[in-house]
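Commentary on secondary and tertiary structure
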Amino acid sequence: MNHKQIKLLRRTFLIFCIALGILTPFYCWYQYPDFNPIHQPLSHFGIIEPTWLLWNSTLVLLSIGIFWNAYTSLRFYFKKKRLRYPLKVLLIFSAVCLFLTGTIPMDFEIYHKIPAFLFFFTYNLFVFLFGLFRSLKYLRRGMFSIFVGIGMLSSLLLLLPFPSYGVFEIVYFSFILTWNIYFLFTRIKEEGLKRDKKES
C-alpha cells in the first residue's frame, strides 16, 4: 500500500467517523424518543436497548478518528518538537480517555465518569494549545482553534442551569466535530496546494 492509498484510507475513515458522530445521536434519539438531554446525559444511550452497541461503538471509533486526524496534523503544522510534544501527550491521553468512556458503561458510575471528565478537560486544552502554538507563527491561523477552545470551556456553564449534563455534552461534541471537520478539509486543501507547487 503506497502513500497515496494510505492518505485516501485515512481521509475516508475520518469522514466516516465524523458522519457517524453526527448521525448516531439523531438515530439514537429516534430510537428512544423519551430521551431528554435536560434530565439525561448522552451516555444514557450507551446502557439501553437498542442503542447501546451503536453508541459505544461510535465513541470508540470517534476516539480513533479524532486522534488520527489531529496526530497526523501535528508534524504537518508544527516543525518544532518542543511544540509537538505537549500536544501529542494531551492528544494521546484524551483519545485513550474517550476510548475508555465508550467501553466502560455509565452503570459503572465513577469508572465511567473519571475518563469522561479527563477527556473533556484534556481535549479542550489540546485544541486551545493547538491554536495558541499556531498563532505564535501565524496569528490568524491559530485564532479558530483558540476560539473553539474557549467555546468548549464556556460550554461548562451549561452545567449550572440544567440538572443533567446532556445539553453540555451536545454543545461540547458539536465543537469537537466542527473543529475536526474544519481541520480535515483545511489540511486536504493545503496538501493539495503543496502538491501543486511541487509539480509546477
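Preceding this section is the structure that the text describes.
Here's what I pulled together on the structure shown here. (Residues numbered from 1 in each chain as written. Predicted model: local features only at pLDDT ≥ 70, side-chain atom pairs only at ≥ 80, totals over all residues. Heavy atoms only, no water.)

If you tally the helices and strands in the protein, you get 6 helices and 0 strands. Counted from the first residue to the last, the protein has its helices and strands arranged as α-α-α-α-α-α. Rg of the C-alpha trace for the protein: 18 Å, near the compact-globule value of 16 Å for 200 residues, within the 12% margin. Seen through its C-alpha atoms, the protein measures out along the principal axes to roughly 60 × 35 × 25 Å. Burial status across the protein gives 44% buried among its 200 residues. (Helix = DSSP H or I, 4+ residues; strand = E, 2+ residues; numbered from the N terminus. Rg over C-alpha atoms; globule rule 2.2 N^0.38 Å. Buried < 20%, exposed > 50% of the residue type's maximum accessible area, 1.4 Å probe, protein only.)

With respect to the helices, strands and loops of the structure, N56 is situated in helix α2 (residues 52-77). According to the relative accessible area criterion, N56 is buried, its value standing at 14%. As a C-alpha pair, N56 and P105 span 49 residues in sequence and 8.2 Å in three-dimensional space. In terms of polar contacts, N56 uses its side chain to reach the backbone carbonyl oxygen of G46, at 3.2 Å. (Polar contact = N/O pair within 3.5 Å; in protein donor to acceptor, adjacent residues only side chain to side chain.)

Counting 40 residues, the largest nonpolar core has F119, Y123, F126, F130 and W179 as its most contacted members. When contributions to this core are tallied by element, the ones reaching two or more residues are α1 (3-31), α2, α3 (81-103), α4 (110-135), α5 (139-154) and α6 (166-199). For this core, the element with the highest residue contribution is α4, accounting for 9 residues. Beyond its immediate chain neighbours, meaning those up to four positions away, Y123 contacts I66, L91, S94, M152, Y172, I176, W179 and N180. (Core = buried A, V, L, I, M, F, W, Y, C linked by side-chain atoms within 4.5 Å. Contact = heavy atoms within 4.5 Å.)

Here we come to the packing of aromatic side chains. Per the counting criterion, the structure on display carries 27 aromatic pairs. Centre to centre, the rings of F120 and F173 are 6.2 Å apart; their planes meet at 75°, and the pair counts as edge-to-face. In this pair, F120 is assigned in helix α4 and F173 in helix α6, connecting sequence segments 53 residues apart. The pair F120 / F173 is uniform in exposure class, with both members buried. Each ring, one from W179 and one from F183, has its centre 4.7 Å from the other, and the planes form 45°; the classification is tilted. Of the two residues, W179 and F183 are both situated in helix α6; the distance of 4 residues between them amounts to about one turn of the helix. (Phe/Tyr/Trp six-rings, centres within 6.5 Å; stacked < 30°, edge-to-face > 60°.)

Right, let's get into the environment of I150. Of note, I150 is situated in helix α5. Taking the relative accessible area as the measure of exposure, I150 reaches 41% and is therefore partly exposed. For the pair I150 and N180, spaced 30 residues apart in sequence, the C-alpha separation works out to 16 Å.

Following E49, the chain continues into P50 via a peptide bond in cis, with omega recorded as 0°. Inspection of the secondary structure puts P50 in the loop between α1 and α2. We note that E109 has phi near 45°; this positive angle belongs to a residue other than glycine. Relative to the helices and strands, E109 is located in the loop between α3 and α4. Residue E109 is classed as partly exposed on the basis of its relative accessible area of 45%.

Together, R75, K79, K80, K81, R82, K137 and R141 make up a region of like positive charge exposed at the surface. Take R75: it is sitting in helix α2. (Patch = residues over 30% accessible without salt bridge, like charges linked within 9 Å, V, L, I, M, F, W, Y side chains within 5 Å. Areas by Shrake-Rupley, 256 points an atom, 1.4 Å probe, with all protein chains shown as cover. Salt bridge = Lys/Arg side-chain N within 4 Å of Asp/Glu carboxyl O. Lys, Arg positive; Asp, Glu negative; His and termini not counted. Charge placed at Lys NZ, Arg CZ, Asp CG, Glu CD.)

With 23 residues, α3 should reach 33 Å at 1.5 Å per residue; the first-to-last C-alpha distance of 32 Å fits that figure. For α3, the full list of buried residues reads L83, R84, L87, L90, L91, S94, A95, C97, L98, T101 and G102. (Expected span 1.5 Å × (residues − 1).)

Put simply, α3 and α4 touch, their axes get as near as 8 Å, and they point 150° apart. In terms of their interaxial angle, α3 and α4 are classed as roughly antiparallel. You can see that α3 and α4 cross each other, and the crossing is left-handed. Where α3 abuts α4, its residues L83, P86, L87, L90, L91, F93, S94, C97, L98, L100 and T101 lie against H112, P115, A116, L118, F119, T122, Y123, L125, F126, L129, F130 and F133. Class assignment of the residues belonging to the contact of α3 with α4 gives a composition of 19 nonpolar, 4 polar and no charged. (Axes fitted to C-alpha atoms, helices over the stretch in contact; angles between N-to-C directions. Parallel < 35°, antiparallel > 145°, perpendicular 65-115°, else oblique. Left-handed = near helix turned anticlockwise from the far one by under 90°. Nonpolar A, V, L, I, M, F, W, Y, C, P; charged D, E, K, R; others polar.)

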